[in-house]
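Structure at a glance
These are the residues of each chain, in order.
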Amino acid sequence: MNRAVGDFNPPTRLLCGTGPTNPDPRVLRALAAPVLGQFDPVFTAIMHDVMDLGRLVFRTTNERTFAISGTGRACIEAGLASLIESGDRVLVGNGGRFGDLFVDIATRYGARVSQVQAEWGTILDPQAIADAARRERPRLVCLVHGETSTGMWQPLDDIGAICRECDALLAVDAVVTLGGVPVETDAWQIDMCFAGGQKCLGLPSGMSPITYNERAERALAARRSPVISNYFDLTQLQRYWSPERLNHHTLPTSMTYALREALRLIVEEGLEARCLRHRRAGDALKAGLAALGLELFGDSRHRLPMITAVRIPDGVEDESLRLQLLNEFGVEIATSFGPLRGRVWRIGTMGYNAELQTVLAVLQGLEQVLRSRGVAVPDGGGSDAARGAYAASIAVG
Ligand SMILES: *Cc1c(COP(=O)(O)O)cnc(C)c1O
């Protein structure tokens, strides 16, 4: 190496993309604590706390509630790799990129996949899912609770009962929703539920809670073939995350402290209060963007609070604007994927950042950079509308 590599002092950003979001300082402090070995009794007690706190946050009594070492996608892959055997029928509800992800992973593990599709920016018709489940008789139904690519919020209350009636397992991607809107694992009869750290839980990316019930556990135990993946084999991982402590991989112990602290923060705040906070921030942002003259994307009846999708005004160059916003205001927002790339921004108000303060900072930055590019935007950047919606939002909560 012929150059000096200096200190690294990353700038402080306001992370309002689709994750990671800014962790609470308490989570960052937990990461800096001394490293423990994975079988140290002090550490195994931390694993227990994660399981206990995870049950409260997932609203479940499932014994099998732990965390996958990896991001949200790893969590989903662990679930599908462990449930699917070659030739199994899997039904996927697909209204965006994370529906596509279910299709991709299930296909790789040998499933015969059928889909119920919704146009991007709309939700799936629950009746169409029910009809397809009754017709196709899948072993597994996979649904995305919050479709981060489009900002759509899929209602899930009735589908669990239909899956039971069809003798199918229900697996749900709650990666973006857990800790931001209600996720009722037991009441909705979700058999396996996936989360992700760097969304509303407010961790840096790298660890992802999972929970599954006895129906799912029985399906794992009844496999005819071993799980193809070693790293993502839930039949082994569940024995590691149990008093048995069967050695599997070396758990990222520091990230486990951070996860414990992030879950503890949620339980301290209370799920209801936390969901209300996310709703208020999301309402404020949506009202502010509309007042700024921008058009919100997707079906207005089913918008997620923690991810707001908004159309990029005609003639505005997406990438250079986001870079300007980052450089001048330290604010990160995201574009979208596939057909929406360069056409829709997605703005996250998750976890620690689900606050009016974040919303006003985003609006102010957008106002200035849009104006600098010749877009006529009102003075104040919609912040009065945002304040108004924020105040009104508590009245109905
Ligand atoms: C972010 C996200 C994922 C993937 O999570 P990674 O942490 O990026 O692996 C999956 N599903 C949804 C709905 C998400 O928002």
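Presented here is a report on the structure given in the accompanying data block. As the structure is a prediction and not an experimental result, all values here were calculated from the model.

1. Quick notes on the site of the ligand
- All residues in the neighbourhood of the ligand are listed as Thr71, Gly72, Arg73, Ile76, Phe98, Gly146, Thr148, Asp173, Val175, Val176, Gln198 and Lys199.
- A distance of 2.6 Å separates an oxygen atom of the ligand from a polar atom in the side chain of Thr71.
- At 2.8 Å from an oxygen atom of the ligand is found a side-chain nitrogen or oxygen belonging to Gln198.
- At a threshold of 2 Å from the grid points, most atoms of the ligand map onto the largest pocket.
- Top contributing element to the shell around the ligand by residue count: helix 3 (residues 72-83), with three residues.
- A class-by-class count of the residues in the shell around the ligand yields four nonpolar, five polar and three charged.

2. Focus on the layout of surface pockets
- If you add up the space inside the largest pocket, you get close to 340 Å³.
- Lining the largest pocket we find 21 residues, and of these Arg73, Arg97, Phe98, Lys199 and Phe337 sit closest to its centre.
- For the lining of the largest pocket, the elements supplying multiple residues, two or more each, are helix 3 and helix 4 (97-108).
- By residue class, the composition of the lining of the largest pocket is six nonpolar, eight polar and seven charged.

3. Description of the pattern of salt bridges
- This structure, assessed with the given rule, holds 28 salt bridges.
- For Arg139, the salt bridge goes to Asp88, with nearest N and O atoms at 2.6 Å. Highlighted residues: Arg139 in the loop between helix 5 (126-136) and strand 5 (140-144) and Asp88 in the loop between helix 3 and strand 3 (89-94), separated in sequence by 51 residues.
- Under the relative-accessibility criterion, Asp88 is labelled buried at 8%.
- With a shortest N-O distance of 3.8 Å, Glu319 and Arg341 are connected by a salt bridge. With a gap of 22 residues between them, Glu319 in helix 11 (residues 318-329) and Arg341 in the loop between strand 12 (331-332) and strand 13 (344-348) connect regions that are remote in the sequence.

4. Comments concerning the side chain of Thr185
- Secondary-structure assignment places Thr185 in the loop between strand 8 (169-173) and strand 9 (192-194).
- Relative accessible area serves as the criterion here: at 0%, Thr185 is assigned to the buried category.
- Within the structure, the side chain of Thr185 is placed 2.7 Å from the backbone oxygen of Phe58, a separation counted as a polar contact.

5. Observations concerning helix 11
- Between its first and last C-alpha, helix 11 extends 16 Å over twelve residues, near the 16 Å set by a 1.5 Å rise per residue.
- Asp318, Leu321, Arg322, Gln324, Leu325 and Leu326 are the residues of helix 11 that are buried.
- Just downstream of helix 11 lies Gly330, where phi reads positive at about 70°.

6. Thoughts on helix 4
- Between its first and last C-alpha atoms helix 4 spans 16 Å; for twelve residues at 1.5 Å apiece the expected length is 16 Å, and the two agree.
- Downstream of helix 4 by one or two residues, Gly110 has phi in the positive range, about 90°.

7. A short note on empty space enclosed by the protein
- Under the criterion given, the structure shown has one cavity of 30 Å³ or more.
- Estimated volume of the largest cavity: approximately 80 Å³.
- Surrounding the largest cavity, Gly93, Asn94, Gly95, Ala118, Thr122, Ile123, Leu124, Val144, Glu147, Met152 and Gln154 form its lining.
- Grouping the constituent residues of the lining of the largest cavity by class yields five nonpolar, five polar and one charged.

8. Some details on the pairing of strand 2 (residues 64-69)
- Within strand 2, six of the six residues are buried, leaving the element largely enclosed by the surrounding structure.
- For strand 2 and strand 10 (residues 207-212), the ladder comprises six bridges, and the chain directions are antiparallel. Its bridge partner lying in strand 10, Ile68 is registered against Ser208.

9. Looking at the sheet that holds strand 3
- The strand order across the open sheet built from seven strands is 2-10-9-8-5-3-4, with neighbouring strands paired in mixed fashion. The sheet is open, and its two edges are formed by strand 2 and strand 4 (112-117), each paired on a single side. Neighbour-to-neighbour, the strand axes of the sheet open up by a mean angle of 20°, direction not taken into account.
- Relative to strand 5, strand 3 runs parallel, the two being bridged by three bridges. Directly across from Val90, in strand 5, lies its bridge partner Leu140.

10. A look at the packing of aromatic side chains
- Inspection of the entire model under this criterion finds six aromatic pairs.
- Through pairs of rings, three or more aromatic residues link up here, namely Phe66, Tyr212 and Trp241.
- The ring of Phe337 carries Arg97 above its face, with NZ or CZ at 3.8 Å from the centroid.
- Over the face of the ring belonging to Tyr390 we find Arg280, whose NZ or CZ atom lies 3.8 Å from the ring centre.

11. Here we look at the nonpolar core
- Grouped together as the largest cluster of nonpolar side chains are 87 residues, with contacts concentrated most on Ile68, Leu234 and Trp241.
- Among residues more than four places away in sequence, those in contact with Trp241 are Met47, Val50, Met51, Phe66, Ala67, Met207, Leu251 and Thr256.

Analysis parameters
Residues numbered from 1 in each chain as written. Predicted model: local features only at pLDDT ≥ 70, side-chain atom pairs only at ≥ 80, totals over all residues. Heavy atoms only, no water. Near = heavy atom within 4 Å. Polar contact = N/O pair within 3.5 Å; in protein donor to acceptor, adjacent residues only side chain to side chain. 1 Å grid on protein atoms, 1.4 Å probe; cavity = no way out; pocket = protein on both sides within 12 Å on 5 of 7 lines; lining within 4 Å. Sits in = over half its atoms within 2 Å of the grid points. Helix = DSSP H or I, 4+ residues; strand = E, 2+ residues; numbered from the N terminus. Nonpolar A, V, L, I, M, F, W, Y, C, P; charged D, E, K, R; others polar. Points joined across faces, edges and corners; volume = space filled by probe spheres on them. Salt bridge = Lys/Arg side-chain N within 4 Å of Asp/Glu carboxyl O. Buried < 20%, exposed > 50% of the residue type's maximum accessible area, 1.4 Å probe, protein only. Expected span 1.5 Å × (residues − 1). Pairing = 2+ DSSP bridges. Axes fitted to C-alpha atoms, helices over the stretch in contact; angles between N-to-C directions. Phe/Tyr/Trp six-rings, centres within 6.5 Å; stacked < 30°, edge-to-face > 60°. Lys NZ or Arg CZ within 6 Å of the ring centre and 35° of its normal. Core = buried A, V, L, I, M, F, W, Y, C linked by side-chain atoms within 4.5 Å. Contact = heavy atoms within 4.5 Å.

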